[in-house]
Amino acid sequence: MKVLEERIRQEGLILSGTVLKVDSFLNHQVDTELALQIGQEFAAIFGDQPVTKVLTVEASGIQFAMAAGIALGVPFIYAKKNKAVTLSEAVYSAPVHSFTRQEDYRISISRKYLGPEDKVLIIDDFLATGAALVGLCEIIAESGAELLGVGCVIEKSFQEGRGLLEQRGVPVHALARIASMSPGEIHFIDQEELIKESAGC
Ligand code: 5GP
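Residues numbered from 1 in each chain as written. Predicted model: local features only at pLDDT ≥ 70, side-chain atom pairs only at ≥ 80, totals over all residues. Heavy atoms only, no water.

1. Considerations on the overall build of the protein chain
Now for step 1: Looking only at helices and strands, one finds 6 helices and 10 strands in the protein chain.
Now for step 2: Taking 201 residues into account, the globule formula puts the C-alpha radius of gyration at 17 Å, and the protein chain, at 17 Å, falls close to it.
Now for step 3: With the principal axes as the frame, the protein chain shows a C-alpha extent of 50 × 40 × 35 Å.
Now for step 4: By the burial criterion, 45% of the 201 residues in the protein chain qualify as buried. (Helix = DSSP H or I, 4+ residues; strand = E, 2+ residues; numbered from the N terminus. Rg over C-alpha atoms; globule rule 2.2 N^0.38 Å. Buried < 20%, exposed > 50% of the residue type's maximum accessible area, 1.4 Å probe, protein only.)

2. Brief notes about the packing of helix α2 (residues 32-46) against helix α3 (residues 62-72)
Now for step 1: Close contact between α2 and α3 brings their axes to 7 Å; oriented N to C, the two are set at 55°. Taken together, the axes of α2 and α3 lie oblique to each other. For the crossing formed where α2 meets α3, the hand is right-handed. For the pair α2 and α3, the contacting residues are A35, L36, I38, G39, Q40, F42 and A43 in the first and F64, A67, A68, A71 and L72 in the second.
Now for step 2: Residues belonging to the contact of α2 with α3 are distributed by class as follows: 10 nonpolar, 2 polar and no charged. (Axes fitted to C-alpha atoms, helices over the stretch in contact; angles between N-to-C directions. Parallel < 35°, antiparallel > 145°, perpendicular 65-115°, else oblique. Left-handed = near helix turned anticlockwise from the far one by under 90°. Contact = heavy atoms within 4.5 Å. Nonpolar A, V, L, I, M, F, W, Y, C, P; charged D, E, K, R; others polar.)

3. A few points about a nonpolar patch on the surface
Now for step 1: A cluster of nonpolar side chains, L36, M66 and I70, forms an exposed patch at the surface whose accessible area comes to about 280 Å².
Now for step 2: Within the fold, I70 resides in helix α3.
Now for step 3: For I70, a relative accessible area of 54% corresponds to the exposed category. (Patch = residues over 30% accessible without salt bridge, like charges linked within 9 Å, V, L, I, M, F, W, Y side chains within 5 Å. Areas by Shrake-Rupley, 256 points an atom, 1.4 Å probe, with all protein chains shown as cover. Salt bridge = Lys/Arg side-chain N within 4 Å of Asp/Glu carboxyl O.)

4. Observations concerning helix α4 (residues 131-143)
Now for step 1: A rise of 1.5 Å per residue sets the reference length of α4, with its 13 residues, at 18 Å; its end C-alpha atoms lie 19 Å apart and thus fit the reference within 8%.
Now for step 2: After α4 finishes, the residue G144 shows a positive phi value of roughly 85°. (Expected span 1.5 Å × (residues − 1).)

5. Description of the site of the ligand
Now for step 1: Near the ligand there are 15 residues, and of these L20, A128, T129, G130 and K156 occur at the shortest range.
Now for step 2: With respect to the ligand, the backbone of L20 contributes an N or O atom lying 2.6 Å from a nitrogen atom.
Now for step 3: Contact between the ligand and S60: an oxygen atom at 3.2 Å from a side-chain N or O atom of the residue.
Now for step 4: Relative to its unbound accessible surface of 500 Å², the ligand loses 82% to contact with the protein.
Now for step 5: Elements supplying a minimum of two residues to the shell around the ligand: β7 (119-127) and α4.
Now for step 6: Within the shell around the ligand, the residues separate by chemical class into 6 nonpolar, 6 polar and 3 charged. (Near = heavy atom within 4 Å. Polar contact = N/O pair within 3.5 Å; in protein donor to acceptor, adjacent residues only side chain to side chain.)

6. Here we look at the nonpolar core
Now for step 1: Grouped together as the largest cluster of nonpolar side chains are 31 residues, with contacts concentrated most on L4, I8, L20, L26, I38 and I154.
Now for step 2: Secondary-structure elements contributing two or more residues to this core are α1 (2-11), α2, α3, β7, β8 (146-156), β9 (172-182) and β10 (185-188).
Now for step 3: It is α2 that contributes the most residues to this core, 5 residues altogether.
Now for step 4: Contacts of L4, omitting those with residues within four sequence positions, involve F25, L26, L34, I38, V153, L175 and A176.
Now for step 5: Judged by nonpolar contacts, the second largest core, of 28 residues, contains I77, L114, V120 and V172. (Core = buried A, V, L, I, M, F, W, Y, C linked by side-chain atoms within 4.5 Å.)

7. Some words on the UniProt feature "binding site: xanthine" (unreviewed entry) in the protein chain
Now for step 1: As annotated by UniProt and renumbered to match this structure, "binding site: xanthine" (unreviewed entry) occupies L20, N27 and K156.
Now for step 2: Here L20 lies in strand β2 (residues 20-21).
Now for step 3: In contact with L20, other than residues within four places in its own chain, are I8, G12, L13, I14, F126, I154, I178, M181 and I186.
Now for step 4: Tracing the sequence through the fold places K156 in strand β8.
Now for step 5: K156 gets classed as buried once you look at its relative accessible area, which sits at 6%.
Now for step 6: In contact with K156, not counting residues within four places along its chain, are T18, V19, F126, L127, A128, I178 and M181.
Now for step 7: Looking at K156, its side chain comes within polar contact range of the main-chain oxygen of T18, at 2.6 Å. (UniProt positions renumbered as here; feature names shortened; annotations may be inferred.)

Below, the structure is given as structure tokens:
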């Protein structure tokens, strides 16, 4: 998504070799028009599939899951994060280790809102190590719902998240894929070029 890549180039701040700050337009202050366009882009990618629910993890996936849910005409659910180890029978839950924050937490979703009849699309802001989304995959598996795919706004392709999800057979689509980054320089994977190559053009 060219407009997204442009914004990342203009406003993204590289905090270290692996952390990109985009909180002027994506995940602190949110450009609402761009968020809605992002939702429509995900709906264009996954709209031919029978999605019944969009899932994300609080907090920074919420605006994109909502935009995708609106564009697809389905509800979205955000998994709640908590440090407490108390498990209730009323929730599906999975442990997650955050490499960015070096902490362990659990994510949970009420059993009332997800079940074997559901076909799920996961949406999130970043795909990095994939730990949070693997936790979400475990919750979906436990619920008996079917996972149709994962859509991420930004993928840091030099981290292992995509590989972990693809190993589980989950199709992954990212709107901007960063091949490498260093202060003042961001290289995106040219997705149009990849499509042409795979079509043999
Ligand atoms: P994971 O490592 O599990 O793929 O990423 C978990 C979460 O950490 C993402 O959903 C995102 O909210 C946050 N995150 C990971 N990498 C970055 C980054 O480079 N920049 C920002 N702003 N958040 C990130």
